[in-house]
Amino acid sequence: MGSLSTPGWRQLNVGVIGGGIGGMSVAIALRRSGHLVTIYERADFAGEVGASVSCAANGTRWLHEWGVDVAKGDPVVLKSLINRDWKTGEPVSVYSLDDYEKRWGYVYNMFHRQYMHAMLKDCALQEEGEGVPAKLVVNHKCEDIDLEKGTIKFANGVTVHHDLIVGSDGIGSAVRGVLGIHPAKRPADSSCLHANVKTEDAVKLGLVDYSQDSALEYWGGQEGKWDKIVLSPCNGGKLLSYYCFFPREKGDYSTQQWGTEDRPVEELLAPFPELDAQVKAHLAIGIEIQPWRLWVHDPYPYMHKNTTCLLGDAGHPMMPHQSQGACMAIEDAAALGILFNKQNFKGDVAECLDVYTKVRLPRVTRVQAAAAKAAYNINERIGFSANKDIATYKVEDEKKKLTIEEMNAYDMYKDIDEELAKARGQEYKDKYLHGLPIGLELPNGVVIGA
Ligand SMILES: Cc1cc2nc3c(=O)[nH]c(=O)nc-3n(C[C@H](O)[C@H](O)[C@H](O)COP(=O)(O)OP(=O)(O)OC[C@H]3O[C@@H](n4cnc5c(N)ncnc54)[C@H](O)[C@@H]3O)c2cc1C
């Protein structure tokens, strides 16, 4: 708070719509930049989803920069990504994360959503830390926004005014519609059922203790099929979170809501007659079996209008196959924190939101496209995309595949400096292009700036 402000900087009264992972993150980032933040959440959080959430180094770095107490999230720090044969369970492609922290400065955390959410909420609302604690107002469902006036109307009849409005209201965003974005979307070709397995239950039955691997593990994915099992350990390894994908014609959950009655275990096992018996035995003791509705959204044309912007799934819903949904929401939050900080913000909200769209849209669109490809080809998944020496390695276009370098060598401060300089007609001299160091050679041979 004590740092010198650029002329024109002023404290904003920010309204954040939606208090999920993205909403809490942006509240932290903006309070730290000196603003007053109120979060409006439609629910009271009783229905938070019980599943794991990946937080790779590009997300973890912001948690540390913001002073989030990461230990509260009880994470599993990942040691590798393992792709296994569908039938035998033998490893096919392994990406070691042994040097990950050394290379990228931060670890790859696997959180449980509720723990991660609570950890972010505490950091946003607590007295401790930079800036004024954010306020959380629950049972406020946004219905409409007057974009000219900056007023939000809630279903309970309350109307409020804010200088900056952030729509972090998730995949079914109301703010998106107000901004005039009506997405072309279609149900994905694959369906997903999620199940939790308690590690102690598996161990009691003498099954493999996958938590010992501290790995994100995948069965299938090399055959160009939709069938895939994704296992992520969370809660310090006590819980195994399983995402089970299969072709939609084997079970259509595209209109089903998460959080309704649990599905029977027979329904979870039915699509997978030939699956590795060990992992199948785990699924057989699965609990809290829930459908995860998958819809493909084409990229949106913009992320803001006037003084209202979108963040996270509201602005760029993506398939889960790069495990980057939460990280992209955290990065959006970080971008707003930097743009509205005391060095960059000169009083013009719309100018900063314009740069926000310019910085965020290309990056999230790239991850969105790569996530769709990784749905049926695991070699397109960040990490595995570096394992070119395995027999079944094949990607759609070597030059276009997404690499771990792009995700983790990315410097958002530089990207924002470059775009702000352009917007203000100033020269940008740093040796970076869109946040990546000029001259950096990616594993696919592409050299940044060449
Ligand atoms: C089962 C599951 C597993 C996932 N696993 C991963 C993973 O492993 N890795 C990963 O990176 N991502 C994962 N994701 C995706 C990730 O959780 C999302 O990308 C991330 O939560 C985006 O955060 P968000 O804040 O944009 O949306 P959300 O976290 O969905 O939050 C939106 C919030 O807005 C509120 N809201 C909605 N409408 C309104 C309204 N009109 N007014 C007020 N409030 C409103 C909602 O109640 C909610 O609290 C997973 C998602 C699910 C469902």
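Above this text sits the structure in question.
Residues numbered from 1 in each chain as written. Predicted model: local features only at pLDDT ≥ 70, side-chain atom pairs only at ≥ 80, totals over all residues.

1. What about the overall build of the chain?
Thought 1: Counting secondary structure elements, the chain contains 12 helices and 23 strands.
Thought 2: For 450 residues, the compact-globule estimate of 2.2 N^0.38 gives 22 Å, and the C-alpha radius of gyration of the chain, at 22 Å, lies within 12% of that figure.
Thought 3: In terms of overall dimensions, the chain has C-alpha extents of about 65 × 55 × 40 Å along its principal axes.
Thought 4: In the chain, buried positions account for 48% of the 450 residues. (Helix = DSSP H or I, 4+ residues; strand = E, 2+ residues; numbered from the N terminus. Rg over C-alpha atoms; globule rule 2.2 N^0.38 Å. Buried ≥ 20, exposed ≤ 12 C-beta atoms within 10 Å, placed from the backbone.)

2. Notes on the sheet that holds strand S9 (residues 142-146)
Thought 1: The antiparallel open sheet is built from three strands, whose spatial order is S9-S10-S11. The open sheet has two edge strands, S9 and strand S11 (159-161), and neither has a second partner. Across this sheet, the average inter-strand angle for adjacent strands is 20 degrees, counted without regard to direction. (Pairing = 2+ DSSP bridges. Axes fitted to C-alpha atoms, helices over the stretch in contact; angles between N-to-C directions.)

3. Some remarks on the sheet that holds strand S20 (residues 304-305)
Thought 1: In space, the six strands of this open sheet follow the order S8-S2-S1-S12-S21-S20, with mixed pairing throughout. The strands lining the two open edges of the sheet, one partner per strand, are strand S8 (135-137) and S20.
Thought 2: One ladder, built from four bridges, connects strand S1 (residues 13-17) with strand S12 (residues 164-167); its direction is parallel. Bridge assignment links Ile17 to a residue of S12, and that residue is Gly167.

4. Some points on the pairing of strand S7 (residues 109-112)
Thought 1: Residue alternation in S7 divides its side chains into two sets, Asn109 and Phe111 and Met110 and His112, and both sets are buried.
Thought 2: Sheet analysis places strand S3 (residues 52-55) next to S7, joined by four bridges and oriented antiparallel. By the bridge assignment, Ser52 is partnered in S7 with His112.
Thought 3: Alignment of strand S4 (residues 76-77) against S7, held across two bridges, turns out to be antiparallel.

5. Looking at the site of the ligand
Thought 1: The local shell around the ligand holds 34 residues, among which Gly18, Gly20, Gly22, Gly312 and Gly325 are the closest.
Thought 2: Breaking the shell around the ligand down by element, the ones donating at least two residues are helix H1 (21-32), S3 and helix H9 (325-339).
Thought 3: Here the element with the most residues in the shell around the ligand is H9; it accounts for four residues.
Thought 4: Class assignment of the residues belonging to the shell around the ligand gives a composition of 15 nonpolar, 14 polar and five charged. (Near = placed C-beta within 6 Å. Nonpolar A, V, L, I, M, F, W, Y, C, P; charged D, E, K, R; others polar.)

6. Some points on the packing of H1 against helix H4 (residues 113-125)
Thought 1: Running from N to C, H1 and H4 point in directions that differ by 25 degrees, and their axes come no closer than 9 Å. Classified by the interaxial angle, the pair formed by H1 and H4 is roughly parallel. Pair H1 / H4 crosses with left-handed handedness. From H1, Ile21, Met24, Ser25, Ala27, Ile28 and Arg31 reach across to H4, where they touch Met116, His117, Leu120, Lys121, Cys123 and Ala124.
Thought 2: Of the residues assigned to the contact of H1 with H4, the class counts are eight nonpolar, two polar and two charged. (Parallel < 35°, antiparallel > 145°, perpendicular 65-115°, else oblique. Left-handed = near helix turned anticlockwise from the far one by under 90°. Contact = placed C-beta atoms within 7 Å.)

7. Quick look at the environment of Cys123
Thought 1: Within the secondary structure, Cys123 is located in helix H4.
Thought 2: Ignoring anything within four residues of it in the chain, the contact list for Cys123 reads Ile28, Trp66, Gly67, Val68, Asp69 and Gly129.

8. Some points on unusual backbone geometry
Thought 1: Despite not being glycine, Asn235 shows a phi value in the positive range, around 50 degrees.
Thought 2: Within the fold, Asn235 resides in the loop between strand S16 (228-234) and strand S17 (239-247).
Thought 3: On the neighbour-count criterion, Asn235 (22 C-beta atoms within 10 Å) is buried.
Thought 4: A positive phi angle is found at Ser323, which is not glycine, with a value near 50 degrees.
Thought 5: Position of Ser323 relative to the elements: it lies in the loop between strand S21 (308-310) and H9.
Thought 6: C-beta crowding within 10 Å serves as the criterion here: with 25 such atoms nearby, Ser323 is assigned to the buried category.

9. As for the environment of Ser52
Thought 1: Mapped onto the elements, Ser52 comes out in strand S3.
Thought 2: Those residues in contact with Ser52 that lie beyond four places of it in its chain are Met110, Phe111, His112, Ser232, Cys234 and Ser241.

10. Structural notes on the packing of H9 against helix H12 (residues 412-423)
Thought 1: With their axes 10 Å apart at the nearest point, H9 and H12 run at an angle of 55 degrees to one another. Between H9 and H12, the angle is such that the two are oblique. As for the relative orientation of H9 and H12, their crossing is right-handed in sense. For the pair H9 and H12, the contacting residues are Glu331, Ala334, Ala335, Ile338 and Leu339 in the first and Met412, Tyr413 and Ile416 in the second.
Thought 2: Among the residues making up the contact of H9 with H12, the classes are represented as seven nonpolar, no polar and one charged.

11. Section: helix H8 (residues 277-284)
Thought 1: Those residues of H8 not exposed but buried are Val279, His282 and Leu283. In an axial view of H8, the angular spread of the buried residues amounts to 100 degrees, which keeps them on one side of the axis.
Thought 2: Along its buried surface, H8 packs onto strand S14 (190-198), helix H6 (199-204), strand S15 (215-220), S16, S17 and helix H7 (265-269). (Arc of directions from axis to C-beta.)

12. Some words on the nonpolar core
Among soluble globular proteins, nonpolar side chains are generally buried collectively.
Thought 1: Formed by 119 residues in total, the largest nonpolar core has its most connected members in Ala27, Val166, Cys244, Leu336, Leu339 and Tyr356.
Thought 2: Non-local contacts of Leu336, meaning those with residues more than four positions away in its chain, are made with Val26, Ala29, Leu30, Val166 and Tyr356. (Core = buried A, V, L, I, M, F, W, Y, C linked by C-beta atoms within 7 Å.)

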